[in-house]
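# Observations on the model geometry
This is what each chain is made of:
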Amino acid sequence: MSAGAVTGMRAALGEHAPSILVAALSSAFGVSLLSTVGVLTTAIRADDVTGASATVAFILPIAAVIFLTIAVYVGAVVTANSFSTIIAGRTRAIALRRLLGSDARTERRAVTREGLLVGVAGSLLGALGGTVLTTLLAATCVTLGILPDLPYALAEPVLLVPTVVVVLTTWLASWIGSRRVLAVTPMQALGASGEANQEEAAGGLARSVAALALFLGGDALLAAGVFIGLSDPQGVLVALVGGVVSFLGVIVGANRVMPVILNLVGRLFGRGPTARLAAANAVRHPERTARSTVGLLIGVTLITTFVVATAGFQQMIRAAQAAEPEVYAGVDRMLTTTVAVFSVLMGYSALIAAVGLVNTLSLSVLQRIRELGLLRALGFTRGQVRGMIVAESAQLTVSAVVLGLALGTFYGWAGAQSLLGGIAGSPGLVVPTVPLALCVAVAVAAALLTLVASLAPARRATRATPVGALSA
Amino acid sequence: MTTATAPVPAHRHVSAAQPIAEALNLSKSYGSDSATVTALRGVTLRLEAGAFTAIMGPSGSGKSTLMHIMAGLDTATSGTIALGGRDITRLGDTDLTLLRRRRIGFVFQSFNLVPTLDVEQNILLPFDLDGRRPNAAERAHLLALVDSLGLTDRLRHRPHELSGGQQQRVAIARALVTRPDLVFADEPTGNLDSRTGRDVLTLLASASRDRGQSIAMVTHDPIAASFADRVVFLADGRIVDDRGRCTPQEISHLMLNLEAAA
Ligand SMILES: Nc1ncnc2c1ncn2[C@@H]1O[C@H](COP(=O)(O)OP(=O)(O)OP(=O)(O)O)[C@@H](O)[C@H]1O
Ligand SMILES: [Mg+2]
């Protein structure tokens, strides 16, 4: 293999490392979750004093599947997003190959092949890690006497399911994320203004209509779920699907939604040269903006949904408990444990979203190295360039956090309502509660993440001489 | 003519003694020792204040490199640079940036405009960077520039909606709008037809003659170079000829000789 090919592969590996990590995290999660469920079910079956094993054996897999779905969904969206960011950075190279006669489908297939490799590598790594982890954990628990010493089956064929699912979703995500390749024209190899400007105009009506249809359709399902929930807790499953679909609509339409919010938020940042330029950048490049915010939006929406749903859940259980104390005796401990376990499971998906956020944000900064070099050449100091990037990220963060909190409150309420609307002794309707501490915690965490994710690449981008950056 | 209103620069007539920019024994190499490319080999060049200098030479002779280093955009491997009598070779990054912002204008060979800003915002960028708005006189200057560059009905367009030559003219307007002491232009007429090119050259010449701005322009075009007060020839990283005002024919002849020698 030539030295050039090796360098090329190393560069591609660097670009894809976060996607491999996301795939690995998802499949590790799936494998650990399923084997943990297996271990717990075996343990509970062997110790069936309460006679509850049938119920538990039924509930555990369902909970596992729900959390697994969420993690895989988040992972797929994040990966699709990473791929479209990478494509944006490769536009010129792709355009040049198109100019020289390569056809668009071949180009896209090449990207999708990378996606398959990323999926296989990440998923296998994750599965291995997950299996090792749960084996060690189970062994430790047995040694400590927390679990009875039973022949637990830790490498069951069922574990292949999450592994394969992650490979397939990563592949699919790379296919969706590489959609833009088809829109790259040979002309873009020639553009002197540098950016893939077509990207801004593209993503037209069809996409907006699809986004709106998904959003409204999802909301209709949510409403149905809430309605069913008034008599049957299975309404939550309908609501889950509705929430996923509705949120997908938001993600698909993010290039329309985010600029509107950003426009409002941008005004809060004053009129200095850095702030003005930052605001223009964020609003004028809706695709890039959407890509950079999706990871954060998912994370914030997810956490808010969960916390608001939990708060509603607690509120309803408390109300029910007050009405019929004898039925709900001892429910408190169960409630605390459930919330704790679910928080960890949900936090895992938030972690995947965070990886995506850091990745897309830093990639988009690095892709703008020429533009930053130009500003430096014209008299922006290093500090001002960094200030601009940070102001831009701050605007993106604030907008994504605001939207995420709003969406999460809505989805969380719908979730709690559809699960518990019909519970004995409950008030029937939950009032959505948004814990203030949540808002603060989410805002602070998001701010720190974006700062780290954008400042490090901005540093790298400004370290070069202006000429070095301009010819990059 | 604007001569009556433009401040007559005091240094105009003592220019020979007062270079605005001065490169001493400048060398520049790229790459590591195994694959070194030497772009400049000991270039010494004084740009006189208020003069319009053309820099010519075959492709790859080091013209852009020289211009970038003299403007403090890149660092030399060895040698020193002084701007306005001040040694900038060891100047810190922030000081260099402020110098560029306030005293130097640029037109690059390519990628000149910020893609997210429209034409007017791109032209006003030097004011923005300095955190101020143009005053009435500067506004008038801006409008005159925009008008003479034929950009008046393009102010609201974004760079990707412009032709290559229009983008180049926007960059020229931006380089001149703050009336910097020194303007570096890397092939500013490279994408222009002969008439538009002549308008741009007239503009540059009058900036030098009427406002005492110093202009350094890289060009491959003998006609463009004939607008300059002085023509410097570069070949293989060295200055090989340096003359006063020349006719296009003389310049063509010199260039052909250079290329034949190479
Ligand atoms: N970043 C770089 N890395 C390595 N070599 C470089 C770099 N920049 C320029 N060079 C080399 O330095 C030499 C001079 O380049 P320069 O861009 O100054 O030429 P030029 O005279 O402006 O040419 P042109 O008329 O084609 O624009 C060339 O041989 C070029 O290959
Ligand atoms: Mg050049």
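All values derive from a computational prediction rather than experimental measurement.

Size of an interface, as often reported, equals the accessible area lost when the parts are brought together. All names here are of chain A. Looking at the assigned domains, one finds that chain A contains domain 1 (1-184) and domain 2 (196-472). Each side of the interface is counted separately: domain 1 has 30 residues, and domain 2 has 34 residues. Of the roughly 2,700 Å² buried between domain 1 and domain 2 on both sides combined, carbon and sulfur atoms contribute 73%. Of all residues in domain 1, Phe 67, Tyr 73 and Arg 180 bury the most surface against domain 2, accounting for 22% of the area lost on that side. Counting across the domain 1 and domain 2 interface gives zero salt bridges. Applying the counting rule to domain 1 against domain 2 returns four residue pairs in polar contact (both at pLDDT 80 or more). Every element with two or more residues in the side of domain 1 that touches domain 2 is listed here: α1 (3-46) and α2 (53-99).

A word on the sheet that holds strand β6 (residues 104-107) of chain B. All names here are of chain B. Reading across the sheet, the six strands line up as β6-β7-β8-β3-β9-β10 and stay open at both edges, with mixed pairing between neighbours. The sheet terminates laterally at β6 and β10 (238-244), the two strands that pair on one side only. Averaged over all pairs of adjacent strands, the angle between their axes in this sheet comes to 15°, without regard to strand direction. Where β6 and strand β7 (residues 182-186) come together, four bridges link them in parallel fashion.

All names here are of chain B. Around ligand 1, a shell composed of 13 residues is seen, among which Ser 59, Gly 60, Lys 63, Ser 64 and Thr 65 lie nearest. When ligand 1 sits alone it has 630 Å² of accessible area, and the protein chains cover 64% of it. Ranked by residue count, the leading element in the shell around ligand 1 is helix α1 (residues 63-70), at three residues.

This next bit is on the interface of chain A and chain B. Facing the 29 residues of chain A at the interface are 29 residues of chain B. Buried area between chain A and chain B, both sides added, is near 2,800 Å², and the carbon and sulfur share of it is 62%. Its largest share of buried area at the contact with chain B, chain A owes to Arg284(A), Leu378(A) and Val467(A), together 22% of the area lost on that side. The tally of links from chain A across to chain B stands at two salt bridges. Note that Asp93(B) and Arg382(A) form a salt bridge whose closest N and O atoms lie 3.4 Å from each other. The interface formed by chain A and chain B contains seven residue pairs in polar contact (both at pLDDT 80 or more).

So, about helix α5 (residues 164-177) of chain B. All names here are of chain B. Relative to the 20 Å expected for 14 residues at 1.5 Å per residue, α5 spans 20 Å between its end C-alpha atoms, a close match to the ideal helical length. Burial runs high along α5: 13 of the 14 residues are buried. Phi turns positive, to about 50°, at Arg 179, one or two residues after α5.

Residue and element names in this part refer to chain A. For the pair helix α8 (residues 254-266) and helix α10 (residues 286-323), the least separation of the axes is 8 Å and the interaxial angle reads 90°. Looking at the two axes, α8 sits roughly perpendicular to α10. Of the residues in α10, those in contact with Ala 254, Asn 255, Met 258, Pro 259 and Leu 262 of α8 are Pro 286, Glu 287, Thr 289, Ala 290, Thr 293 and Val 294. Looking at the contact of α8 with α10, its residues break down into seven nonpolar, three polar and one charged.

It is worth spelling out the packing of helix α4 (residues 136-148) of chain B against α5(B) at this point. All names here are of chain B. Taken N-terminus to C-terminus, the directions of α4 and α5 make an angle of 155°; their axes are 10 Å apart at the nearest point. Comparing the axis directions of α4 and α5 gives the class roughly antiparallel. Where α4 crosses over α5, the handedness of that crossing is right-handed. In this structure, α4 uses His 141, Leu 142 and Leu 145 to contact α5, whose residues at the interface are Ala 173, Leu 176 and Val 177. Broken down by class, the residue content of the contact of α4 with α5 amounts to five nonpolar, one polar and no charged.

Moving on: the packing of aromatic side chains. Residue and element names in this part refer to chain A. All chains considered together, the criterion is met by five aromatic pairs over all chains. Pairing Phe 29 with Tyr 348 gives two aromatic rings, centres 4.4 Å apart and planes at 15°, and the pair type is stacked. Of this pair, Phe 29 sits in helix α1 while Tyr 348 sits in helix α11 (residues 331-367), placing them 319 residues apart in sequence. Using a relative accessible area of 6% as the deciding quantity, one classes Phe 29 as buried. Taking the centre distance of 5.5 Å and the plane angle of 40° together, the rings of Phe 410 and Tyr 411 count as tilted. Residue Phe 410 is classed as partly exposed on the basis of its relative accessible area of 33%. By relative accessible area, Tyr 411 is classed as buried at 7%.

Next up on the list: α8(A). The first and last C-alpha atoms of α8(A) sit 17 Å apart over 13 residues, in line with the 18 Å expected at 1.5 Å per residue. Listing the buried residues of α8(A) in full gives Ala254(A), Asn255(A), Met258(A), Pro259(A), Ile261(A), Leu262(A), Val265(A) and Gly266(A).

By way of backbone hydrogen bonds, the strands of a sheet pair with one another, either parallel or antiparallel. Residues and elements named next belong to chain B. If you trace the four strands from one edge of the open sheet to the other, you get β2-β1-β4-β5, paired in antiparallel fashion. Each of the sheet's edge strands pairs with one partner strand only, and the pair in question is β2 (37-48) and β5 (86-87). Inspection of the sheet shows strand β4 (residues 78-83) paired to β5 by two bridges, in the antiparallel sense. Bridging from a neighbouring strand, Leu 83 pairs with Arg 86 of β5.

Here is what the cut-offs are and how they apply
Residues numbered from 1 in each chain as written. Chains lettered and ligands numbered in written order. Predicted model: local features only at pLDDT ≥ 70, side-chain atom pairs only at ≥ 80, totals over all residues. Heavy atoms only, no water. Domains from an automatic or database assignment. Contact = heavy atoms within 4.5 Å. Buried area = accessible area lost by both parts, 1.4 Å probe. Salt bridge = Lys/Arg side-chain N within 4 Å of Asp/Glu carboxyl O. Polar contact = N/O pair within 3.5 Å; in protein donor to acceptor, adjacent residues only side chain to side chain. Helix = DSSP H or I, 4+ residues; strand = E, 2+ residues; numbered from the N terminus. Pairing = 2+ DSSP bridges. Axes fitted to C-alpha atoms, helices over the stretch in contact; angles between N-to-C directions. Near = heavy atom within 4 Å. Areas by Shrake-Rupley, 256 points an atom, 1.4 Å probe, with all protein chains shown as cover. Expected span 1.5 Å × (residues − 1). Buried < 20%, exposed > 50% of the residue type's maximum accessible area, 1.4 Å probe, protein only. Parallel < 35°, antiparallel > 145°, perpendicular 65-115°, else oblique. Nonpolar A, V, L, I, M, F, W, Y, C, P; charged D, E, K, R; others polar. Left-handed = near helix turned anticlockwise from the far one by under 90°. Phe/Tyr/Trp six-rings, centres within 6.5 Å; stacked < 30°, edge-to-face > 60°.

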